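Each chain, written out:
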Amino acid sequence: MELKSFSSSNSLSSSSEIAVLARSSSYSYNAFSFSHKLGVRFSNSARGIVVGSYGGPENHYLANKATTSLAGGANNVAAETSFHSSSGLNGSTWRLFTRNLSVLEAYDDEYGGVVIDPDRLPTNPAVFARALHSSLSHWKKMGKKGIWLKLPIEKSDLVPVSVKEGFQYHHAEPGYVMLTYWIPEGPCMLPANASHLVGVGGFVINENNEVLVVQEKHCSPEIHGLWKIPTGFILEAEEIYTGAIREVKEETGVDTEFIEVIAFRHAHNVAFDKSDLFFICMLRALSSKIVVDDHEIEAAKWMPLVDFVKQPLIQEDSMFKKIIDIFVARLGMRYCGLSTHQVVSKFDGRVSSLYYNVIDNDEDVNCVGD
């Protein structure tokens, strides 16, 4: 930091500290406890805030460091200063000058890192660049670890500045991009972006032993013409079983209720090179009228289970065939899937869905534990 005096005198140092709080155009002077009276004068300078102090030659209780905070706006400013004295006819005159260094508004996380407040960011890229550089230097001295920077879409001009400073992309959502910066030496210990997509399929059968099937409008050539169960991705904060019910309703218009998860598949390097969890849910039909979703579905119908199983694409694909075998075994009570149970953990106090089945005896034909 460049520190300059307004006189040619020698600098003084002591163990006291000075804090200066500046808000807009008004200033307040805090935390002085001197044995002698001290006067303070403030003036603005194109190069910083000038604090002038005056008193008798015995007032040597001034420190060689000060902290300045600009609370009016999005920036905090921290700086080190030095004091200089010059002799005058009526005693010594004290001057200090400091160059303001911004520290972005932020709060500590529970892992020794920092989360920058996205609502208090400067909008000017040049101002942000200076503040970000100073903030990183400040946090390094404080021994911080990971820095989280969430940039709203309306402040996308700040993305190149952040990347140039060393930040890396973590993830993006429709309204923002998240970037991170790892300070310590060695590998980054910040958690990675979500690694999995979660899909659901609804196996719905009615009292006539018919399966609810659909043909998709947009699909790969390999499965063109295949009658398949309704499928889709669950939404954020959506349960697996409610996602399956919703997807069936959206694609076919049929109302259902959840019975069990009869199987799930785990695959890798699927959509967006993410891993994929796909849960096949057994559902009970509550209605029969079909209303096709014209955006995604070409056709939908109730198909006899035997005809569904005989489809060449089902018989030729080992995974599809195994899923059908499991479903048929479940219908014959020779297999039990996983039902959902709402439980609360004392570790976080939140309600979770725990999927399991406990069979007490061989006569438990419902395959549902208490």
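In this report, we go over the structure that sits alongside the text. What you see as residue numbers is a count from 1 along each chain, following the sequence as written. pLDDT decides what is reported in this predicted model: residues at 70 or higher carry local features, side-chain atom pairs at 80 or more are listed and counted, and totals for whole chains, interfaces and linings draw on all residues regardless. Note that water and hydrogens are dropped before the side-chain values are worked out from all heavy atoms of the structure.

## Details of the overall build of the protein chain
Where we set the bar: Only runs of H or I of at least four residues qualify as helices and only runs of E of at least two qualify as strands under DSSP, and these elements are numbered from the N terminus. Think of it in three bands: residues with accessible area under 20% of the maximum for their type are buried, residues over 50% are exposed, and the middle band is partly exposed, with areas taken using a 1.4 Å probe on protein chains only. Two residues form a contact once any of their heavy atoms are found within 4.5 Å.
For the protein chain, the count of helices and strands is six helices and 23 strands. Looking at the protein chain as a whole, 39% of its 370 residues are labelled buried. Long-range pairs, those at least 24 residues apart, make up 61% of the contacts in the protein chain between residues at least 6 apart in sequence.

## Some points on the environment of Ser134
Here Ser134 is to be found in helix H1 (residues 125–141). Between the C-alpha atoms of Ser134 and Ser102, which are 32 residues apart in sequence, the distance is 6.1 Å.

## Points about H1
Which entries qualify depends on this criterion: Take the number of residues in a helix, subtract one, and multiply by 1.5 Å to get its expected span.
Taking 1.5 Å as the rise per residue, H1 with 17 residues should run 24 Å; its terminal C-alpha atoms sit 24 Å apart, in good agreement. Within the span of H1, buried status applies to Phe128, Ala131, Leu132, Ser134, Ser135, Leu136 and Trp139. Immediately beyond the C-terminal end of H1, within one or two residues, lies Gly143, with a positive phi of roughly 80°.

## Some details on the pattern of salt bridges
As a reminder, the rule being used: Basic side-chain nitrogens of Lys or Arg form a salt bridge, by our definition, when they fall within 4 Å of a carboxyl oxygen of Asp or Glu.
This model, assessed by the stated rule, comprises 11 salt bridges. Across the pair Glu250 and Arg246 runs a salt bridge, and its minimum N-O distance is 3.1 Å. With Glu250 and Arg246 both in helix H3 (residues 240–252) and four residues apart, this pair spans about one turn of that helix. Judged by its relative accessible area of 39%, Glu250 is partly exposed. The exposure class assigned to Arg246 is buried, which follows from its relative accessible area of 17%. In this structure, the salt-bridge partner of Asp325 is Lys321, at a minimum N-O distance of 3.6 Å.

## Some words on the pairing of strand S22 (residues 339–344)
One face of the sheet, then the other: side chains in a regular strand alternate in exactly this way. Using the following cut-off: Note: two strands are recorded as paired if DSSP finds a minimum of 2 bridges between them.
Direction of pairing for S22 relative to strand S23 (residues 351–356): antiparallel, over a ladder of six bridges. Bridged to His341 within S23 is Leu354. Counted along the chain from S22 to the antiparallel partner S23, the turn is six residues long, and its residue Gly349 has a positive phi close to 70°.

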